[in-house]
Amino acid sequence: MRIGRFTVEPSGPLFVVAGPCVIESADHALGVAEELERIGTRLQLPVIFKSSFDKANRTAGASPRGPGLDEGLAVLARVQREIGLPVLTDVHETGQVAAVAEVADIIQIPAFLSRQTDLLRAAGATGRVVNIKKGQFMAADDMVHAAAKVGDALPPGCAASDHVILTERGTSFGYHDLVVDMRSLGKMRATGLPTLFDASHSVQSPGGANGRSGGTREWIPLLSRAAAAAGISGLFVETHPDPANAWSDSATVWPLDRLESLLADVARIHDLVRSAGTSDG
């Protein structure tokens, strides 16, 4: 699967999707992307920059949503042009898909929308790589149907194996909590598609902080290491230079100055699993 200047494979070297949850400004996004490029070069890991132009699913209506479609895509285009990283961003409506496909290397389907047939098919029809985040309410087995919706809409000659990524991000466990079932990673990997583990959203407390989402950032390293041992293709982790003041997900974005150490640990486990060969069951 070709993503910008990188090639990623289900059983290949670890790849990383990282960046601030939402675009806060051009300077902020470019600064984070520049550090991500340096980290990727030092660790020899493919890094894809992730940030949202619009957080349409905020808990409270007054929460910051981002710069919007046009300004946000302009910022992401600068990340590609000036920093050289591929970019991923999410879509919430079919009307956004064509414009996003003009810029983004990966179109992301948010977890809350992972069963929205028209949105999945519209993303697939662009021929771009599509990352589908497993809904907090979905069984891992059911992700094969979401992937098929994208695959069926791909342009002629395109294969789902070259255009679809699946992401685990936790499962609802009562109110305001998520749990991660590591079996889900094995089940999604069994599809033959690259499988990401979203470390930062998996430790959320959705809507659990008086009108916004809280979370337990301290569990990100443990879950990331466990996911690497389970045989993921890549790690998804939102990061920010000043988590306490992040516009979105301030309780769960990982500090940018601690990201390299986290990725180095996860990459070492990932490489051990690859060298030993993965066996399930």
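First, a word on scope: everything that follows refers to the structure included in this document. Remember, predicted model here, so these are calculated numbers, not experimental data. (Residues numbered from 1 in each chain as written. Predicted model: local features only at pLDDT ≥ 70, side-chain atom pairs only at ≥ 80, totals over all residues. Heavy atoms only, no water.)

1. Things to note about the overall build of the chain
Thought 1: Helices and strands together make up the secondary structure of the chain, namely 8 helices and 15 strands.
Thought 2: A globule of 281 residues ought to have a C-alpha radius of gyration of about 19 Å, and the chain, at 17 Å, matches this closely.
Thought 3: Projected onto its principal axes, the C-alpha coordinates of the chain cover approximately 45 × 45 × 40 Å.
Thought 4: Within the chain, buried positions represent 54% of all 281 residues.
Thought 5: A fraction of 70% describes how many contacts in the chain between residues 6 or more apart in sequence connect residues 24 or more apart.
Thought 6: Looking at the chain as shown, the accessible area adds up to about 11,600 Å², and 49% of this sits on carbon and sulfur atoms. (Helix = DSSP H or I, 4+ residues; strand = E, 2+ residues; numbered from the N terminus. Rg over C-alpha atoms; globule rule 2.2 N^0.38 Å. Buried < 20%, exposed > 50% of the residue type's maximum accessible area, 1.4 Å probe, protein only. Contact = heavy atoms within 4.5 Å. Areas by Shrake-Rupley, 256 points an atom, 1.4 Å probe, with all protein chains shown as cover.)

2. Concerning the nonpolar core
Thought 1: In terms of nonpolar packing, the biggest core is built from 65 residues, with Leu36, Phe49, Ile109, Ile132 and Leu259 touching the most fellow members.
Thought 2: Excluding residues that lie within four positions of it along the chain, Leu36 makes contacts with Ala18, Gly19, Val47, Phe49, Leu85, Thr239, Leu256 and Leu259.
Thought 3: Within the second largest apolar cluster, 12 residues are counted, among which are Val8, Phe15, Leu88 and Ile165. (Core = buried A, V, L, I, M, F, W, Y, C linked by side-chain atoms within 4.5 Å.)

3. Observations concerning unusual backbone geometry
Thought 1: Phi is positive for Gln44, which is not a glycine, with a value near 55 degrees.
Thought 2: Within the secondary structure, Gln44 is located in the loop between helix H1 (26–43) and strand S4 (47–50).
Thought 3: Note on Gln44: relative accessible area 70%, which makes it exposed.

4. Looking at the packing of helix H7 (residues 220–230) against helix H8 (residues 259–276)
Thought 1: Contact geometry for H7 and H8: axes closest at 8 Å, N-to-C directions at 20 degrees. When the axes of H7 and H8 are compared, the pair comes out roughly parallel. By crossing handedness, the relation of H7 to H8 is classed as right-handed. Along its contact with H7, which presents Ile220, Pro221, Ser224, Arg225, Ala228 and Ala229, the element H8 presents Leu262, Val266, Ile269, His270 and Val273. (Axes fitted to C-alpha atoms, helices over the stretch in contact; angles between N-to-C directions. Parallel < 35°, antiparallel > 145°, perpendicular 65-115°, else oblique. Left-handed = near helix turned anticlockwise from the far one by under 90°.)

5. Description of the pattern of salt bridges
Thought 1: The final tally for this structure, using the stated rule, is 14 salt bridges.
Thought 2: Residue Glu34 is joined to Arg38 by a salt bridge in which the shortest nitrogen-to-oxygen separation is 3.8 Å. Linking Glu34 with Arg38, this pair stays in helix H1, spanning 4 residues, or about one helical turn.
Thought 3: Glu34 sits in the partly exposed class, given a relative accessible area of 41%. (Salt bridge = Lys/Arg side-chain N within 4 Å of Asp/Glu carboxyl O.)

6. Examining H1
Since one α-helical turn is 3.6 residues long, residues separated by three or four positions face the same way.
Thought 1: With 18 residues, H1 ought to run about 26 Å at 1.5 Å a step, and its terminal C-alpha atoms sit 26 Å apart, in line with that.
Thought 2: Among the residues of H1, His28, Ala29, Leu30, Val32, Ala33, Glu35, Leu36, Ile39 and Gly40 are the ones counted as buried.
Thought 3: In this fold, the buried residues of H1 make contact with strand S3 (15–19), S4, helix H2 (69–83), strand S14 (234–240) and H8.
Thought 4: One or two positions beyond H1, positive phi appears at Gln44, with a value near 55 degrees. (Expected span 1.5 Å × (residues − 1).)

Spatial relationships are all this shows, so hold off on functional conclusions.
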